[in-house]
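Spelled out, the chains give:
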Amino acid sequence: MFLPVFRAGPCLLAALLLATPCAFAHGPEHPLPPAAPADDPVSGFVEAFDKAVAAGLPADIAVPVDVHRPRRDVAAAQLVVQDALNIEVDIPGMPAGRMYRGLFGGREAAITRIGTQVDISVPVRDGVDVTGYTAGSPDVLRERVRNPDAPEPGRRPVPRPRDESHVMPGWPFDMDPPLLSEQASLGRGVRAIEDPLAYSPHFFVLIHDDLDARPLHIHSVFAAWWLTELARKILPAENIRMSYRYRIPGVTDMPYGYPEALDNWHETVKAYAELYGLAHGKTYKHKYLLMSRDRPMTDAFGVAFEGGNEAMASTEGRVNIVAHEFGHTLGAEHGLAERRYEGWWWCVTNMATGTDDLIGDCHRFSYDNARRIRSYLRHGPDPEVLAERSFSMILN
């Protein structure tokens with residue numbers, strides 16, 4: 001697994017004094033401990049979650065103090081589910097998942113309920129904390145995923161560039177661009193592409209074969225928190241769908257790491273969409289991102305067609321790498337990123353470039369980029385992009 005699973009430390013002394021077995025949190029690659037009693041509060045958490053949500057929102061749900069952590073580490077054991085979001089999570093082999101906004105231990109949280117799982121994602125200054133519960137299991141999965149440039153405790157941060165970019169000529173859609181003479185009569189020019197009400201936003205994350213990671217882990221770490229902002233604050237009237245796919249021969253095994261990788265990904269997505277009857281090339285609202293273990297291009301943790309439909313990202317990047325790349329496909333720009341003072345310190349928004357020793361992530365889009373994303377989804381790509389018949393290939 002590429003995502004770290006934190007386990008409890010040795011508890012031999014407790015076992016000797018209390019004559020009780022010592023339990024540890026297990027990742028999916030480890031065998032599960034013996035089944036818990038039917039009334040075990042941890043194994044029954046998913047059922048309790050469903051009952052509380054069905055009774056009406058907002059809902060307060062007590063988080064069980066489990067045997068995997070000392071009580072002092074779970075002081076604020078309370079989950080508040082504030083409201084349901086207009087997001088559907090699609091993972092093969094699981095029923096359609098739902099997402100919710102809430103508070104976990106008093107902190108903003110994105111909650112994903114899918115299959116037998118409840119995953120709680122809490123964005124923090126230098127990464128994301130994930131807590132996962134499985135129906136009928138006494139195990140609690142706890143992941144602390146930190147940005148690769150986050151300092152170890154007691155050590156000075158090492159600055160690292162977040163972003164680089166350049167522009168290449170081209171056309172990001174599989175349709176003929178409108179003629180310049182048509183632009184004046186079309187205003188924003190969007191009708192030359194499609195009726196903006198014909199489709200809803202649909203994001204595809206295709207997981208490369210070189211990643212030993214479950215789709216739900218990718219979702220909970222890299223996507224859940226920014227989808228919550230997208231549905232809650234930027235596109236509250238849209239129905240958003242997030243789909244994960246993996247182990248697709250000829251698609252998720254494509255080579256990468258060279259200058260033409262994004263162009264080849266574009267062609268790969270076209271073939272994939274034709275095979276499965278997807279709307280690629282018919283709408284600007286369907287986006288396709290290849291998630292890989294290593295950098296998709298030299299010196300780039302992510303790359304995207306600005307205003308186009310394809311992007312690539314590496315799990316070596318920061319936890320906002322997926323938000324950043326999908327942001328480019330939705331018209332968000334580096335230059336409209338912000339530095340904000342939130343909580344007790346400064347942070348930068350999702351599209352920020354450059355770096356700073358002490359600046360964390362806000363895990364939000366700036367106000368101007370939020371407006372650009374909203375305009376893009378309502379009206380289509382910027383008419384200047386259409387008129388110039390060009391797109392930006394952004395290296396991150």
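Per chain, the residues get numbers from 1 upward, laid out in the order the sequence is written. The predicted nature of this model means local features are confined to residues of pLDDT at least 70 and side-chain atom pairs, given and counted, to a pLDDT of 80 or more, with totals for whole chains, interfaces and linings taken over all residues. Note that water and hydrogens are dropped before the side-chain values are worked out from all heavy atoms of the structure.

Caption draft 1: Layout of the packing of helix 4 (residues 215-234) against helix 7 (residues 367-379). Where helix 4 contacts helix 7, the two axes come as close as 11 Å, and the packing angle between them is 80 degrees. Judged by the angle between their axes, helix 4 and helix 7 are roughly perpendicular. Along its contact with helix 4, which presents Leu-230, Lys-233 and Ile-234, the element helix 7 presents Ala-370, Ile-373 and Arg-374. Every angle, taken between N-to-C directions, lies between 0 and 180 degrees, and every axis is a line fitted to C-alpha atoms, over only the stretch in contact when it is a helix. To qualify as a helix, a DSSP run of H or I must reach at least 4 residues; to qualify as a strand, a run of E must reach at least 2; elements of each kind are numbered from the N terminus. Relative orientations are named as follows: roughly parallel for angles under 35 degrees, roughly antiparallel for angles over 145 degrees, roughly perpendicular for angles from 65 to 115 degrees, and oblique for any other angle. Any two residues whose heavy atoms approach within 4.5 Å are treated as being in contact.

Caption draft 2: Inspection of the packing of aromatic side chains at higher detail. Here a pair means two rings of Phe, Tyr or Trp (six-membered ring of Trp) with centres within 6.5 Å. Their orientation is stacked below 30 degrees between planes, edge-to-face above 60, and tilted elsewhere. Evaluated as defined, the whole model comprises 9 aromatic pairs. With 4.1 Å between their ring centres and 35 degrees between their planes, Phe-45 and Tyr-133 make a pair best called tilted. Within this pair, whereas Phe-45 is found in helix 2 (residues 45-54), its partner Tyr-133 is found in strand 6 (residues 127-134), the two being separated by 88 residues in sequence. Each residue gets one of three labels from its accessible area relative to the maximum for its type: buried under 20%, exposed over 50%, partly exposed in between, using a 1.4 Å probe on protein chains only. The class for Phe-45 is buried, based on a relative accessible area of 1%. On the accessibility criterion, Tyr-133 (0% relative accessible area) is buried. Centroid distance Tyr-272 to Tyr-276: 5.0 Å. Interplanar angle 50 degrees. Geometry classified as tilted. Of this pair, Tyr-272 and Tyr-276 both sit in helix 5 (residues 261-276), separated by 4 residues, roughly a single helical turn. Residue class for Tyr-272 comes out buried when judged on its relative accessible area of 6%. For Tyr-276, a relative accessible area of 49% corresponds to the partly exposed category.

Caption draft 3: Geometry of the sheet that holds strand 15 (residues 345-348). Between any two strands, at least two bridges found by DSSP are needed for them to pair. Taken in spatial order, the 3 strands make up an open sheet running 14-15-16, and their pairing is mixed. Edge positions in the sheet fall to strand 14 (339-342) and strand 16 (360-361), since each has one partner strand and no second. Pairing of strand 14 with strand 15 involves 4 bridges; the strand directions are antiparallel. In the sheet register, Arg-340 faces strand 15, and the bridge partner there is Cys-347.

Caption draft 4: Representation of the pairing of strand 6. Buried residues dominate strand 6, accounting for 7 of its 8 residues. By the bridge criterion, 8 bridges tie strand 5 (residues 117-124) to strand 6 in an arrangement that is antiparallel. If you follow Gln-117 over to strand 6, its bridge partner there is Thr-134. Count of turn residues in the strand 5/strand 6 antiparallel hairpin: 2 residues. Where strand 6 folds back onto strand 7 (residues 140-146) in an antiparallel hairpin, the turn is made up of 5 residues, including Gly-136, whose phi is positive at roughly 80 degrees.

Caption draft 5: Inspection of helix 2 at higher detail. Considered for burial, the residues of helix 2 that qualify are Phe-45, Val-46, Phe-49, Ala-52 and Val-53. Taken end-on, helix 2 shows its buried residues confined to a sector of 125 degrees, consistent with a single buried face. In helix 2, those exposed residues whose orientation departs by more than 90 degrees from the buried face are Lys-51 and Ala-54. For helix 2, the elements touching its buried residues are strand 1 (59-62), strand 2 (78-90), strand 3 (97-104), strand 4 (107-114), strand 5 and strand 6. Comment: arc refers to directions from the helix axis out to C-beta atoms.

Caption draft 6: Seen up close, the nonpolar core. Buried Ala, Val, Leu, Ile, Met, Phe, Trp, Tyr and Cys residues that are joined via side-chain atoms within 4.5 Å together make up what is termed a nonpolar core. Residues Phe-203, Val-205, Ile-218, Trp-226, Leu-227, Leu-230 and Met-291 are the most contacted members of the largest nonpolar core, which totals 51 residues. With 12 residues, the top contributor of residues to this core is helix 4. Discounting chain neighbours no more than four positions away, the residues touching Phe-203 are Trp-226, Leu-227, Leu-230, Ile-240, Arg-241, Met-242, Ser-243, Lys-287, Phe-326 and Leu-330.

Caption draft 7: A look at the confidence of the model for the protein chain. The score called pLDDT rates the predictor's confidence residue by residue, from a low of 0 to a high of 100. This prediction gives the protein chain a mean pLDDT of 79; 70% of its residues lie at or above 70. In the model, residues 386-391 has pLDDT below 50 throughout and makes 25 contacts with residues more than four positions away in sequence or in other chains.

Caption draft 8: Summary view of the pairing of strand 10 (residues 240-246). Summarising the sheet, strand 2 and strand 10 pair through 4 bridges and their orientation is parallel. Bridge pairing in strand 10 places Ile-87 opposite Ile-240. Strand direction decides the pairing type here: strand 9 (residues 202-207) and strand 10, joined by 6 bridges, are parallel. From the neighbouring strand, Leu-206 faces strand 10, where its bridge partner is Arg-245. When the strands point away from the viewer and the path from the first strand over the helix to the second turns clockwise, the crossover is right-handed. A crossover connection joins strand 9 to the parallel strand 10 through helix 4; in handedness this β-α-β unit is right-handed.

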